[in-house]
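An overview of the molecular structure
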Amino acid sequence: MPIESFLPAAGYVSDGGLETDLVFHHGMELPEFASFPLLEHEHGRALLRGYYDGYAEVARRAGAALTLESPTWRANPDWGARLGYDAAGLDRANTAAIGFLRALREEYADLPDVRIIGAVGPRGDGYVAGERADPDEAADYHAPQVEAMGRAGADVVAAYTLTGPEEGIGVVRAARSAGVPVLVGFTVETDGRLPDGTTLRAAVERVDDADAPDGFVVNCAHPTHIAPGLAAGDWLARIVQVNPNASTQSHTELDAAEELDEGDLGLLASSYDELRPLLPGLRVVGGCCGTDARHVAALWGVPHAG
């Protein structure tokens, strides 16, 4: 499916590190690093509304469109079970998340375009490569979440922070079955390789050869870590979204950190700018762990409203 069919604008502001923002800036406890339970109470919904409002303001200042990624990175069966959610509860949560964003979209009608991305997270830990997934098993695993978000009106689903290509293939198959556009997102280590050791190029080509998604994402790594993985080639045009971490620390270091490393705004912006000429298909620019609206504003070269 042409990317213009579901991301028609030339540039979209994406959000930042939702969970790290809520934990370190708002003092929220998020068991299992899950934000979707916040939708169940008014205080949580108010926090989420304020969070997304910040990125809508960045988009206004940048004269850009906006993507709203759902707070559902952990709303899958294994992680949901740890939080007491069964299949029916997860279906309600994923449906409610997209409904919440659809209501927000009405409030951002002054922006050039607003698209809703249903966020899918890995079955395992996004920082650690587990056993190599079976694509068909991964498709069955992710299908209920993908189907719920598609029914609820997501414009596209995107898998973020995957650690190997096989799970990405499964997400694509689930999305194709549900009839919803799909992006596949990988994270990389400091050497530009996926946590399972696969090069970024090989991961993209492996997924494309099996069941091509509508585009790819790289997230949860600093631009200086992403850069070594961007080996020259036509495959680079397949990357449509890059959401970096604020910090230059490795995943292992970040996982052990007790304080938030908000990084260097100047380095984040300058090193991201060095990636742009390599990525002709880039449309969605935002942040990941450790970033907030200040960081995303810096990536767009606009002042932060705060």
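This is a predicted model, so every value here is computed, not measured. Positions within a chain are numbered from 1, following the residues in the order the chain's sequence is written. Reporting in this predicted model follows two pLDDT cut-offs: at least 70 for local features of residues, and 80 or more for side-chain atom pairs to be given and counted; totals over whole chains, interfaces and linings ignore these cut-offs and use all residues. As a rule here, side-chain values come from all non-hydrogen atoms in the structure, and water together with hydrogens is ignored.

Lines fitted to C-alpha atoms define the axes, with helix axes restricted to the stretch in contact, and inter-axis angles between N-to-C directions lie between 0 and 180 degrees. The numbering of helices and of strands both runs from the N terminus, where a helix is a DSSP run of H or I of at least 4 residues and a strand a run of E of at least 2. At their nearest, the axes of helix α2 (residues 42-62) and helix α11 (residues 293-300) sit 10 Å apart, and the two run at 20° to each other. Considered as vectors, α2 and α11 are oriented roughly parallel to each other. Here the hand of the crossing between α2 and α11 comes out right-handed. For the pair α2 and α11, contact is made by Gly54, Tyr55, Val58 and Ala62 and by Ala293, Val296, Ala297 and Trp300, respectively. By the definition adopted for this analysis, an angle is roughly parallel if under 35 degrees, roughly antiparallel if over 145, roughly perpendicular if from 65 to 115, and oblique otherwise. The crossing is said to be left-handed when, going from far helix to near helix, the turn is anticlockwise and less than a right angle, and right-handed when the turn is clockwise. Residues count as neighbours in contact if any of their non-hydrogen atoms are within 4.5 Å of one another.

The rule is short: rings of Phe, Tyr and Trp, with Trp giving its six-membered ring, pair when the centres are within 6.5 Å, and they are stacked under 30 degrees, edge-to-face over 60, tilted in between. Throughout the structure, instances matching the rule amount to four aromatic pairs. Seen in terms of ring centroids, Phe36 and Tyr85 are 4.9 Å apart; in terms of plane orientation they differ by 65°. Their pairing is edge-to-face. Here the residue Phe36 occupies a position in the loop between α1 (18-26) and α2, and Tyr85 occupies one in the loop between α3 (77-82) and α4 (87-107), the gap between them amounting to 49 residues. With respect to class, Phe36 is no different from Tyr85; both count as buried. Judged by centre distance (5.2 Å) and plane angle (75°), the ring pair of Tyr51 and Tyr52 falls under edge-to-face. Grouping residues by exposure puts Tyr51 and Tyr52 together as buried. Clustering of aromatic rings is evident, with ring pairs tying together Tyr51, Tyr52 and Tyr55. Directly above the aromatic system of Trp79 lies the positively charged group of Arg74, at a separation of 3.5 Å from the ring centroid. Burial classes: relative accessible area under 20% of the type maximum marks a residue as buried, over 50% as exposed, and values in between as partly exposed (1.4 Å probe, protein chains only). By definition, being over a ring means that NZ of Lys or CZ of Arg is both within 6 Å of the ring centre and within 35 degrees of the ring normal.

On to helix α6 (residues 165-178). For α6, which comprises 14 residues, the first-to-last C-alpha distance of 20 Å matches the rise-based estimate of 20 Å (1.5 Å per residue) to within 8%. Burial within α6 is extensive, with ten of its 14 residues counted as buried. Buried within α6 are the following residues: Pro165, Glu166, Glu167, Gly168, Ile169, Gly170, Val171, Val172, Ala174 and Ala175. In the core, the buried residues of α6 are packed alongside α5 (135-152), β4 (156-162), β5 (182-186) and α7 (200-211). Gly179, located one to two residues past α6, shows a positive phi value of around 75°. Here a helix's expected span is defined as the number of its residues, less one, multiplied by 1.5 Å.

The next thing to look at is the packing of α6 against α7. Geometrically, a packed helix pair is captured by the angle between its two axes and the distance between the axes. Closest axis-to-axis distance for the α6/α7 pair is 9 Å, and the angle between their directions is 35°. The interaxial crossing formed by α6 with α7 has right-handed handedness. Contact residues: Pro165, Glu166, Gly168, Ile169, Val172 and Arg173 in α6; Ala203, Arg206, Val207, Ala210 and Asp211 in α7. Each residue is assigned to one of three groups, with Ala, Val, Leu, Ile, Met, Phe, Trp, Tyr, Cys and Pro labelled nonpolar, Asp, Glu, Lys and Arg labelled charged, and all others, Gly among them, labelled polar. When grouped by side-chain class, the residues that make up the contact of α6 with α7 number six nonpolar, one polar and four charged.

This part covers the sheet that holds strand β2 (residues 65-69). Between any two strands, at least two bridges found by DSSP are needed for them to pair. Spatial strand order, β1-β2-β3-β4-β5-β6-β7-β8: eight strands in a closed barrel with parallel pairing. Where strand β7 (residues 239-243) lies against strand β8 (residues 284-285), two bridges are found, and the strand directions are parallel. Across the sheet, Gln241 pairs through a bridge with Val284, a residue of β8.

Now for the pairing of β5. The element β5 is extensively covered by neighbouring structure, given that five of its five residues are classed as buried. Neither face of β5 is exposed, since Val182, Val184 and Phe186 on one face and Leu183 and Gly185 on the opposite face are all buried. As defined by bridge partners, β4 adjoins β5 across four bridges and the pair is classed as parallel. Residue pairing across strands places Leu162 opposite Phe186, the latter belonging to β5. By convention a crossover is right-handed if, when the strands point away from the viewer, the path from the first strand over the helix to the second runs clockwise. Crossover connection from β4 via α6 to parallel β5: handedness right-handed. In terms of strand pairing, β5 meets strand β6 (residues 215-219) through four bridges, oriented parallel. Paired with Val184 across the two strands is Phe216, which belongs to β6.

A separate point is the side chain of His225. Checked against the element boundaries, His225 lands in helix α8 (residues 223-226). Taking the relative accessible area as the measure of exposure, His225 reaches 8% and is therefore buried. Setting aside chain neighbours within four positions, we find His225 in contact with Val188, Glu189, Thr190, Asp191, Gly192, Thr248 and Gln249.

In terms of nonpolar packing, the biggest core is built from 71 residues, with Tyr52, Leu66, Tyr108, Phe186, Leu230 and Ile239 touching the most fellow members. What Tyr108 contacts, discounting residues up to four positions off in sequence, is Arg49, Tyr52, Asp53, Ala56, Arg60, Leu66, Leu68 and Val114. In this structure, Tyr12, Trp73, Ala158 and Leu183 belong to the second largest nonpolar core, which totals 16 residues. Residues grouped as a nonpolar core are buried Ala, Val, Leu, Ile, Met, Phe, Trp, Tyr and Cys residues, joined through side-chain atoms within 4.5 Å.

Most of β4 is tucked away: seven of the seven residues are buried. Direction of pairing for strand β3 (residues 114-120) relative to β4: parallel, over a ladder of four bridges. For Val120, the partnering residue across the bridge sits in β4 and is Ala159.

Attention now goes to the pattern of salt bridges. Each reported salt bridge corresponds to a side-chain nitrogen of Lys or Arg within 4 Å of a carboxyl oxygen of Asp or Glu. Evaluation of the coordinates by the stated rule reveals 21 salt bridges. The partner of Asp91 in a salt bridge is Arg151, and the shortest N-O contact between them spans 2.7 Å. Of this pair, Asp91 sits in helix α4 while Arg151 sits in helix α5; the two residues are 60 residues apart in sequence, bridging distant segments of the chain. Judged by its relative accessible area of 31%, Asp91 is partly exposed. Between Asp273 and Arg276 there is a salt bridge, with the nearest N and O atoms lying 2.8 Å from each other. On the basis of relative accessibility, which here comes to 39%, the residue Asp273 falls in the partly exposed class. Via salt bridges that share partners, Glu57, Arg60, Arg61 and Asp110 belong to a single interconnected network.

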